[in-house]
Amino acid sequence: MKRREFFNKIDFNKFWEEEDWEKFFRAQDAYRLACRNQEFSKKPVSKIRFIGADEVAAFEPIIRAYGISSLPSVFHQLQNFHFQGDENPEEDYHPAADEDPHYWGEGAPLTTVLIYRDCCRFAICTSQEIDKYLKRRDRAYRKKFSAEFESLRFHANWIAINVAQGHQIGYSEDRIRGNIAKCRRAIKHADICIGLLSRISQRTKSYRLRQELFSFAVQLRNGLFDWQDELRARFS
């Protein structure tokens with residue numbers, strides 16, 4: 001499998017708009033999935049237990065397993081391509097000597113991004129509510145609804161992962177559109193969560209799932225839209 005095949009339709013010699021970033025992310029997704037299918041047999045993903053009172057620290061195992069560190073590095077492997085927008089948009093920022101404490105400052109930690117905390121809390125609450133709910137059901141019931149519940153868990157996690165990856169891309173003028181594109185992806189996952197929660201709560205007649213998670217998901221999606229507007233306003 002040649003890495004170049006996944007990225008040969010991407011123009012690295014231009015200033016990237018949001019859709020250019022999204023095109024790159026889709027190629028990146030295809031490359032990652034191809035690598036995973038080639039190297040690993042298809043087995044259920046091990047469930048990661050959230051530990052600790054701080055939502056960002058508790059979500060850290062998910063980020064390590066599926067987030068920033070697992071992104072395939074591509075640019076240095078594509079010979080004879082020069083990306084005009086930035087030397088390498090996959091590299092994280094390094095703290096400056098006079099580090100800015102705000103989220104847009106060079107080297108600012110994820111903990112400064114308040115919407116990320118909400119995303120982590122939603123993912124943790126979703127996972128815990130799913131486990132609590134299914135624990136009280138018999139095996140046949142769990143099997144019947146397992147696929148939908150696991151899909152809900154997956155999309156809840158990827159809301160936070162996309163916000164984290166957007167923060168890693170950065171806030172400078174040549175990076176902000178990639179950050180926004182990641183936020184748009186997070187919103188899509190939030191929309192899917194809202195749809196799943198509506199369907200699951202109706203089918204299971206679970207008032208608790210709807211009360212505890214549905215309204216949270218709607219509020220989080222609205223917060224992500226506000227975050228997207230804030231990112232766009234930085235260079236408008």
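Summarised in this report is the structure supplied together with it.

Cut-offs applied
- Residues numbered from 1 in each chain as written.
- Predicted model: local features only at pLDDT ≥ 70, side-chain atom pairs only at ≥ 80, totals over all residues.
- Heavy atoms only, no water.
- Helix = DSSP H or I, 4+ residues; strand = E, 2+ residues; numbered from the N terminus.
- Expected span 1.5 Å × (residues − 1).
- Bend = angle between axes of the 7 residues up to and from the residue.
- Polar contact = N/O pair within 3.5 Å; in protein donor to acceptor, adjacent residues only side chain to side chain.
- Core = buried A, V, L, I, M, F, W, Y, C linked by side-chain atoms within 4.5 Å.
- Buried < 20%, exposed > 50% of the residue type's maximum accessible area, 1.4 Å probe, protein only.
- Contact = heavy atoms within 4.5 Å.
- 1 Å grid on protein atoms, 1.4 Å probe; cavity = no way out; pocket = protein on both sides within 12 Å on 5 of 7 lines; lining within 4 Å.
- Points joined across faces, edges and corners; volume = space filled by probe spheres on them.
- Nonpolar A, V, L, I, M, F, W, Y, C, P; charged D, E, K, R; others polar.
- Phe/Tyr/Trp six-rings, centres within 6.5 Å; stacked < 30°, edge-to-face > 60°.
- Lys NZ or Arg CZ within 6 Å of the ring centre and 35° of its normal.

### Points about helix H5 (residues 139–169)
Move 1: A rise of 1.5 Å per residue sets the reference length of H5, with its 31 residues, at 45 Å; its end C-alpha atoms lie 43 Å apart and thus fit the reference within 8%.
Move 2: Ser-146 marks the point of greatest bend in H5, at about 55 degrees.
Move 3: Taking the backbone nitrogen of Ala-140 as reference, a side-chain oxygen 3.3 Å away marks Asp-138 as the first, capping residue of H5.
Move 4: Downstream of H5 by one or two residues, Gly-170 has phi in the positive range, about 120 degrees.

### Thoughts on the nonpolar core
Move 1: One finds Phe-59, Tyr-116, Phe-122, Ile-159 and Leu-224 to be the most contacted residues of the largest nonpolar core, which totals 50 residues.
Move 2: Contributing elements (two or more residues each) for this core: helix H3 (55–66), helix H4 (114–135), H5, helix H6 (176–204) and helix H7 (207–233).
Move 3: With 11 residues, H6 is the largest single contributor of residues to this core.
Move 4: Beyond its immediate chain neighbours, meaning those up to four positions away, Phe-59 contacts Phe-50, Tyr-116, Cys-120, Ala-123, Ile-124, Asn-157, Ala-160 and Ile-161.
Move 5: Ile-10, Trp-16, Trp-21 and Tyr-31 belong to the second largest nonpolar core, which has 12 residues in total.

### Details of the layout of surface pockets
Move 1: Its boundaries defined by the atoms lining it, the second largest pocket holds a volume of some 200 Å³.
Move 2: Taken together, Lys-47, Arg-49, Ile-130, Asp-131, Leu-134, Lys-135, Arg-142, Ser-146, Phe-149, Glu-150 and Arg-153 form the lining of the second largest pocket.
Move 3: Broken down by secondary-structure element, the contributors of at least two residues to the lining of the second largest pocket are H4 and H5.
Move 4: The leading source of residues in the lining of the second largest pocket is H5, at 5 residues.
Move 5: Its residues placed into classes, the lining of the second largest pocket shows 3 nonpolar, 1 polar and 7 charged.

### Examining the packing of aromatic side chains
Move 1: Inspection of every chain in the model, using the stated rule, returns 13 aromatic pairs.
Move 2: Relative to Phe-24, the ring of Trp-16 has its centre 5.5 Å away and its plane inclined at 40 degrees; by these criteria the two rings are tilted. For the residue pair Trp-16 and Phe-24, the accessibility class agrees, reading buried in each case.
Move 3: Geometrically, the ring pair formed by Phe-122 and Phe-216 is edge-to-face, given 5.2 Å between the ring centres and 75 degrees between the ring planes. Placement of the pair is Phe-122 in helix H4 and Phe-216 in helix H7, with a sequence separation of 94 residues.
Move 4: A residue is classified by how much of its surface remains accessible, and Phe-122, at 0% relative accessible area, is buried.
Move 5: For Phe-216, a relative accessible area of 12% puts it in the buried group.
Move 6: A connected cluster of aromatic rings, assembled from ring pairs, spans Phe-6, Phe-7, Phe-12, Trp-16, Trp-21, Phe-24, Phe-25 and Tyr-31.
Move 7: In this structure, Lys-182 packs its charged tip against the face of Phe-25, placed 4.2 Å from the ring centre.

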